[in-house]
Amino acid sequence: MGWEALANWGQNASRIERLTGGVANDVWSVNVGGRLAVARLGTRSDADLAWEIGLLQHLDRHGMTVPAPIPTLDGRPFVSGLVVMEYLEGGPPETEPDWRRVADTLRELHHLTWGWPQRPGWRSSTDLLQVERGTRVDLTRMPAEGVARCRAAWARLAGRETCAVHGDANPRNILMTSHRVALIDWDEAHADVPDLDLELPHNAANLDPQTWDIAQQASAAWEAAVCWDDDYSKQRLAEVRAV
């Protein structure tokens, strides 16, 4: 159906301007009922979108600032891969105190979602100790030596409790004001060990040296596996210590 699905939010709903949305989605600012919003059109399955929207609704109910989904006129949360969400103002973190606020927000996310079910089709970092594929990860495409290094990094997370992680807390996906921190672009969110969210600039999560090393190595391995084999993934793999 494509962008024709936007009519489900009202006959006068319209696109305004294309926004940066990464490679997986077409993202626009839209006018819905006279209200500025953001619409995202992608190819994720209904089960995948239902998982993401359920998570965002849960976090919104518990007071976190997230792009809460706006339902269609007949109450559906999405139609044919199209999701409409609240528009959020703000800018990226720039200072060490900014990043400490981001760390607090990520820890709130983790606290609110201990034991959260896995996103359909996804695998956690520790799942990948036993399996080779899960959504965007395909370890068979990586060199065997690289896979061994990634798995050695993830093995240090084994046995830890999991929660929902944002999965991509870079400055482009954080909108801050003086009184709140909003996390946007939840495409990479899934259930995993929270350490993967806490490799932040300035060690903003205040991890002790051993915990920081575990988080840094596991995060580098994850990003190498998810993005393989572009230049960034190879850069991240180079950060993962040899076995």
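Preceding block: the structure.
Note that the structure is a prediction, hence the values are computed from the model and not measured. (Residues numbered from 1 in each chain as written. Predicted model: local features only at pLDDT ≥ 70, side-chain atom pairs only at ≥ 80, totals over all residues. Heavy atoms only, no water.)

1. Quick look at the nonpolar core
Then comes step 1: With 27 residues, the main nonpolar core has Leu55, Leu59, Val102, Leu106, Leu109, Ile174 and Trp186 as its most contacted residues.
Then comes step 2: Going through the elements one at a time, α1 (46–61), α2 (96–112), β8 (174–176) and β9 (181–183) are the ones with two or more residues in this core.
Then comes step 3: In terms of residue count, the dominant contributor to this core is α2 (6 residues).
Then comes step 4: When near neighbours in sequence (up to four residues on either side) are disregarded, Leu106 contacts His166, Ala169, Leu183, Asp197, Leu198 and Leu200. (Core = buried A, V, L, I, M, F, W, Y, C linked by side-chain atoms within 4.5 Å. Buried < 20%, exposed > 50% of the residue type's maximum accessible area, 1.4 Å probe, protein only. Helix = DSSP H or I, 4+ residues; strand = E, 2+ residues; numbered from the N terminus. Contact = heavy atoms within 4.5 Å.)

2. Observations concerning the pattern of salt bridges
Then comes step 1: Going through the model one piece at a time under the given rule, you end up with 19 salt bridges.
Then comes step 2: A salt bridge links Glu145 to Arg149; the nearest nitrogen and oxygen atoms lie 3.0 Å apart. Highlighted residues: Glu145 and Arg149, both in helix α3 (residues 144–155), separated by 4 residues, approximately one helical turn.
Then comes step 3: Taking the relative accessible area as the measure of exposure, Glu145 reaches 45% and is therefore partly exposed.
Then comes step 4: In this structure, Glu223 engages Arg236 in a salt bridge whose closest nitrogen and oxygen atoms are separated by 2.9 Å. Linking Glu223 in helix α4 (residues 209–227) with Arg236 in helix α5 (residues 231–238), this pair joins segments that are 13 residues apart in sequence.
Then comes step 5: The class of Glu223 is partly exposed, set by a relative accessible area of 22%.
Then comes step 6: Under the relative-accessibility criterion, Arg236 is labelled buried at 6%.
Then comes step 7: Through salt bridges with shared partners, one network takes in Arg40, Arg44, Asp48, Glu52, Arg119 and Asp187. (Salt bridge = Lys/Arg side-chain N within 4 Å of Asp/Glu carboxyl O.)

3. Observations concerning the packing of aromatic side chains
Then comes step 1: With the rule as written, the count across this model stands at 2 aromatic pairs.
Then comes step 2: Arranged with centres 6.4 Å apart and planes meeting at 70 degrees, the rings of Trp3 and Trp28 form a pair that is edge-to-face. Residue Trp3 is located in the segment before β1 (14–19), and its partner Trp28 is located in strand β2 (residues 25–32); the two are separated by 25 residues in the primary sequence.
Then comes step 3: Assessed through its relative accessible area of 14%, Trp3 is described here as buried.
Then comes step 4: Summarising the aromatic geometry, the rings of Trp154 and Trp222 are spaced 6.4 Å apart at their centres and angled 65 degrees between planes, so their arrangement reads as edge-to-face. Residue Trp154 is located in helix α3, and its partner Trp222 is located in helix α4; the two are separated by 68 residues in the primary sequence.
Then comes step 5: Judged by relative accessible area, which is 0%, Trp154 ranks as buried.
Then comes step 6: The ring of Trp28 carries Arg15 above its face, with NZ or CZ at 4.6 Å from the centroid. (Phe/Tyr/Trp six-rings, centres within 6.5 Å; stacked < 30°, edge-to-face > 60°. Lys NZ or Arg CZ within 6 Å of the ring centre and 35° of its normal.)

4. Some points on the side chain of Asp187
Then comes step 1: Along the chain, the position of Asp187 falls in the loop between β9 and β10 (190–192).
Then comes step 2: Among the polar contacts listed, one links the side chain of Asp187 to the side chain of Asn25, at a separation of 2.4 Å.
Then comes step 3: If we skip the residues at most four places from it in the chain, Asp187 touches Ala24, Asn25, Arg40, Arg44, Glu52, Arg119 and Trp122. (Polar contact = N/O pair within 3.5 Å; in protein donor to acceptor, adjacent residues only side chain to side chain.)

5. Here we look at the pairing of β2
Then comes step 1: Most of β2 is tucked away: 6 of the 8 residues are buried.
Then comes step 2: Pairing of β1 with β2, which is carried by 5 bridges, proceeds in the antiparallel orientation. Bridging from a neighbouring strand, Arg15 pairs with Val30 of β2.
Then comes step 3: Hairpin connection from β2 to strand β3 (residues 35–42): 2 residues lie between these consecutive antiparallel strands, with Gly33 at a positive phi of about 60 degrees. (Pairing = 2+ DSSP bridges.)

6. A few points about α2
Then comes step 1: Here α2 spans 25 Å end to end across 17 residues, near enough to the 24 Å set by a 1.5 Å rise per residue.
Then comes step 2: Listing the buried residues of α2 in full gives Asp98, Trp99, Val102, Ala103, Thr105, Leu106, Leu109, His110 and Leu112.
Then comes step 3: Buried positions along α2 lie against α1, β7 (163–165), β8 and β9. (Expected span 1.5 Å × (residues − 1).)

7. Some details on α1
Then comes step 1: Compared with an ideal rise of 1.5 Å per residue, which puts 16 residues at 22 Å, α1 spans 22 Å between its outermost C-alpha atoms and is within 8% of the ideal.
Then comes step 2: All of the buried residues along α1 are Asp48, Leu49, Trp51, Glu52, Ile53, Leu55, Leu56, His58 and Leu59.
Then comes step 3: Those residues of α1 that are buried lie in contact with β3, β4 (82–86), α2, β7 and β10.
Then comes step 4: Of the residues flanking the end of α1, it is Gly63, one or two places downstream, whose phi is positive at about 90 degrees.

8. Observations concerning a nonpolar patch on the surface
Then comes step 1: A contiguous nonpolar patch, built from Ile16, Leu36 and Tyr87 and spanning about 270 Å² of accessible area, is present on the exposed surface.
Then comes step 2: Relative to the helices and strands, Tyr87 resides in the loop between β4 and α2. (Patch = residues over 30% accessible without salt bridge, like charges linked within 9 Å, V, L, I, M, F, W, Y side chains within 5 Å. Areas by Shrake-Rupley, 256 points an atom, 1.4 Å probe, with all protein chains shown as cover.)

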